[in-house]
Amino acid sequence: MELRSPQEVASALKEMKMRGAPLIGVAAAYGLALTAYHSRAKTREDLLKELETSADLIRATRPTAVNLFWAVDRVLKRAYETVGDHEAVRRAVIEEANRMADEDVEVNKRIGRNGSKLLRDGDTVLTHCNAGSLATVDYGTALAVIRSAWEEGKRINVIADETRPKLQGARLTAYELMRDGVPVTLITDGMVGYVMAKGLVDKVIVGADRIVRDAVINKVGTYTVAVLAREHKVPFYVAAPRSTFDLEKNAEEVEIEMRSPEEVTHVGSVRIAPEGVKVLNPAFDITPISYVTAIICEDGVIYREEFENLLEERTA
Ligand code: MRU
């Protein structure tokens, strides 16, 4: 897919042609880079104004993954801090987007190395949605942990749930893992209880769209998996970069994206529900931090108690 303008980037984000929190972030940065690249501004002030307009357009695409806002703010900050004329600002914005893309891969590799220590040879890991290469620039977050353990020679099996309604688990996670040769079994979301009760899952690893003070916000269905993991004493890990942390906020302050009813009433273009049925379609849900065993980020593994201490230190 080639995107040539900030408008095209914004549409692709809204329509979820690109998705996944870290990828959304880097794509947002490139939306601003495209603005700078194509700009005909003759002054620094005019270029900054154009960047602000694009930033508003991109910020309005998807509300929940904090990486989008983090990325837009980071590029704008770089633009404002760059000393010099519009050409200097233009170069700086493009350079910042490129840097963010490179950093994403580096950070994901570190998440992978940190998290792989938690996996044992022979483990079966359940994952939800897609937190893989296709949700990032490359390597993934939750799938980085699985990839890294696999590359170290640990025989890992994965159970991927299909992740209704957009089917990221079936379409993307199953594809990515099969491509890498990692054994993967696909189940429907409603089968998570079955596999847990049968003792078929050793660990859960999911990604995150936003980690706030009291919760992890991730693809709808994550909370159900977390509750089942607790019930069956299965560790529940969240793998995400620091750019997904939003420690100034609590979950109730975050907008959960509501998407179109057609995503639920249809599978692809085929209607499966009766005409006129009432639909609720939140794209994300909220897993209280008390269900999280640990968060795996580029700086290491943060167990829940340490996370809570970290928050206390910030407020002290
Ligand atoms: O709506 P999406 O597909 O953009 O949401 C992505 C997710 O929720 C992923 O599961 C995820 O863990 C965050 S991206 C690594």
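Please read all numbers here as calculations on a predicted model, not as lab measurements.

**Description of the site of the ligand**
Here is step 1 of the chain: Near the ligand you find 18 residues, and of these Arg-19, Arg-62, Asp-209, Asn-218 and Lys-219 are the closest.
Here is step 2 of the chain: Within the contact set of the ligand, an oxygen atom lies 2.6 Å away from a side-chain nitrogen or oxygen of Asp-209.
Here is step 3 of the chain: When the ligand sits alone it has 410 Å² of accessible area, and the protein chains cover 100% of it.
Here is step 4 of the chain: Put simply, the ligand lies in the largest cavity.
Here is step 5 of the chain: Counting only domains with at least three residues in the shell around the ligand, you end up with domain 1 (6-109) and domain 2 (113-315).

**Notes on the packing of aromatic side chains**
Here is step 1 of the chain: Counted according to the given criterion, the structure contains one aromatic pair.
Here is step 2 of the chain: Note on Tyr-223 and Tyr-291: the rings are 5.8 Å apart at their centroids and 85° apart in plane angle, and the pair reads as edge-to-face. Taken as a pair, Tyr-223 in helix H9 (residues 222-231) and Tyr-291 in the loop between strand E10 (284-288) and strand E11 (294-297) lie far apart in primary sequence, 68 residues in all.
Here is step 3 of the chain: A relative accessible area of 34% means that Tyr-223 is categorised as partly exposed.

**A word on the sheet that holds strand E3 (residues 184-187)**
Here is step 1 of the chain: The seven strands are arranged E3-E2-E1-E4-E7-E11-E12 in an open sheet whose pairing can be described as mixed. Each edge of the open sheet is held by one strand with a lone partner, namely E3 and strand E12 (300-303). Each neighbouring strand pair of the sheet contributes to a mean axis angle of 25°, computed without reference to strand direction.
Here is step 2 of the chain: Pairing of strand E7 (residues 236-239) with E11, which is carried by three bridges, proceeds in the parallel orientation. Of the residues in E11, the one forming a bridge with Tyr-237 is Ala-294.
Here is step 3 of the chain: Contacts from helix H11 (residues 304-315) reach E11 and E12, with the element oriented near 85° to E12.

**Topic: the nonpolar core**
Here is step 1 of the chain: Ranked by size, the top nonpolar core spans 31 residues in total, and within it Leu-13, Leu-32, Leu-51 and Val-93 carry the most contacts.
Here is step 2 of the chain: Put simply, the parts of the chain that give this core at least two residues each are helix H1 (6-14), helix H2 (21-38), helix H3 (44-59), helix H4 (66-81) and helix H5 (86-116).
Here is step 3 of the chain: It is H2 that contributes the most residues to this core, ten residues altogether.
Here is step 4 of the chain: Ignoring sequence-local partners within four residues, the contact set of Leu-32 consists of Leu-51, Ser-54, Ala-55, Ile-58, Val-72, Val-75, Leu-76 and Val-93.
Here is step 5 of the chain: Membership of the second largest hydrophobic core comes to 29 residues, among which are Leu-126, Val-204, Val-216 and Ile-295.

**Thoughts on the layout of surface pockets**
Here is step 1 of the chain: The computed volume of the largest pocket comes to approximately 320 Å³.
Here is step 2 of the chain: Together, 19 residues line the largest pocket, and Met-16, Lys-166, Leu-167, Arg-171 and Leu-172 are the ones closest to its centre.
Here is step 3 of the chain: Where the lining of the largest pocket is concerned, the elements lending two or more residues are helix H7 (168-180), helix H10 (262-265) and strand E8 (266-267).
Here is step 4 of the chain: Looking at the lining of the largest pocket residue by residue, the class counts come to eight nonpolar, four polar and seven charged.
Here is step 5 of the chain: Both of domain 1 (6-109) and domain 2 (113-315) provide at least three residues apiece to the lining of the largest pocket.

**Description of unusual backbone geometry**
For residues other than glycine, phi is negative in most cases, and the peptide bonds are mostly trans.
Here is step 1 of the chain: The amide bond that connects Arg-164 to the next residue, Pro-165, takes the cis arrangement and shows omega of 0°.
Here is step 2 of the chain: With a phi close to 70°, Thr-163 is a non-glycine residue in the positive phi region.
Here is step 3 of the chain: A positive phi angle, near 60°, is found at Leu-167, a position not held by glycine.
Here is step 4 of the chain: Note on placement: Leu-167 falls in the loop between strand E2 (157-161) and H7.

**Considerations on the domain arrangement of the protein chain**
Here is step 1 of the chain: For the protein chain, the domain assignment lists domain 1 (6-109) and domain 2 (113-315).
Here is step 2 of the chain: Computed from C-alpha atoms alone, the centre-to-centre distance between domain 1 and domain 2 is 26 Å.
Here is step 3 of the chain: Both sides of the domain 1 and domain 2 interface together cover about 2300 Å² of buried area, and 55% of this is carbon and sulfur.
Here is step 4 of the chain: Of all residues in domain 1, Arg-19, Thr-64 and Lys-109 bury the most surface against domain 2, accounting for 29% of the area lost on that side.
Here is step 5 of the chain: Inspection of the domain 1/domain 2 interface yields two salt bridges.
Here is step 6 of the chain: Here Glu-106 makes a salt bridge to Arg-113, at a shortest N to O gap of 4.0 Å.

**With respect to empty space enclosed by the protein**
Here is step 1 of the chain: One pass over the full model with this rule turns up two cavities of 30 Å³ or more.
Here is step 2 of the chain: Of the volumes computed, that of the largest cavity is approximately 200 Å³.
Here is step 3 of the chain: Lining of the largest cavity is provided by 24 residues; of these, Arg-19, Gly-20, Ala-21, Asn-130 and Asp-209 occupy positions nearest its centre.
Here is step 4 of the chain: The set of elements that each furnish at least two residues to the lining of the largest cavity consists of H2 and strand E6 (215-219).
Here is step 5 of the chain: Its residues assigned to classes, the lining of the largest cavity shows twelve nonpolar, eight polar and four charged.
Here is step 6 of the chain: Both domain 1 (6-109) and domain 2 (113-315) contribute no fewer than three residues apiece to the lining of the largest cavity.
Here is step 7 of the chain: One number sums up the size of the second largest cavity: a volume of about 40 Å³.
Here is step 8 of the chain: Lining the second largest cavity, in full, are Pro-165, Lys-166, Lys-219, Arg-259, Glu-263, Asn-281 and Ala-283.

Calculation rules
- Residues numbered from 1 in each chain as written.
- Predicted model: local features only at pLDDT ≥ 70, side-chain atom pairs only at ≥ 80, totals over all residues.
- Heavy atoms only, no water.
- Near = heavy atom within 4 Å.
- Polar contact = N/O pair within 3.5 Å; in protein donor to acceptor, adjacent residues only side chain to side chain.
- Areas by Shrake-Rupley, 256 points an atom, 1.4 Å probe, with all protein chains shown as cover.
- 1 Å grid on protein atoms, 1.4 Å probe; cavity = no way out; pocket = protein on both sides within 12 Å on 5 of 7 lines; lining within 4 Å.
- Sits in = over half its atoms within 2 Å of the grid points.
- Domains from an automatic or database assignment.
- Phe/Tyr/Trp six-rings, centres within 6.5 Å; stacked < 30°, edge-to-face > 60°.
- Helix = DSSP H or I, 4+ residues; strand = E, 2+ residues; numbered from the N terminus.
- Buried < 20%, exposed > 50% of the residue type's maximum accessible area, 1.4 Å probe, protein only.
- Pairing = 2+ DSSP bridges.
- Axes fitted to C-alpha atoms, helices over the stretch in contact; angles between N-to-C directions.
- Contact = heavy atoms within 4.5 Å.
- Core = buried A, V, L, I, M, F, W, Y, C linked by side-chain atoms within 4.5 Å.
- Points joined across faces, edges and corners; volume = space filled by probe spheres on them.
- Nonpolar A, V, L, I, M, F, W, Y, C, P; charged D, E, K, R; others polar.
- Buried area = accessible area lost by both parts, 1.4 Å probe.
- Salt bridge = Lys/Arg side-chain N within 4 Å of Asp/Glu carboxyl O.

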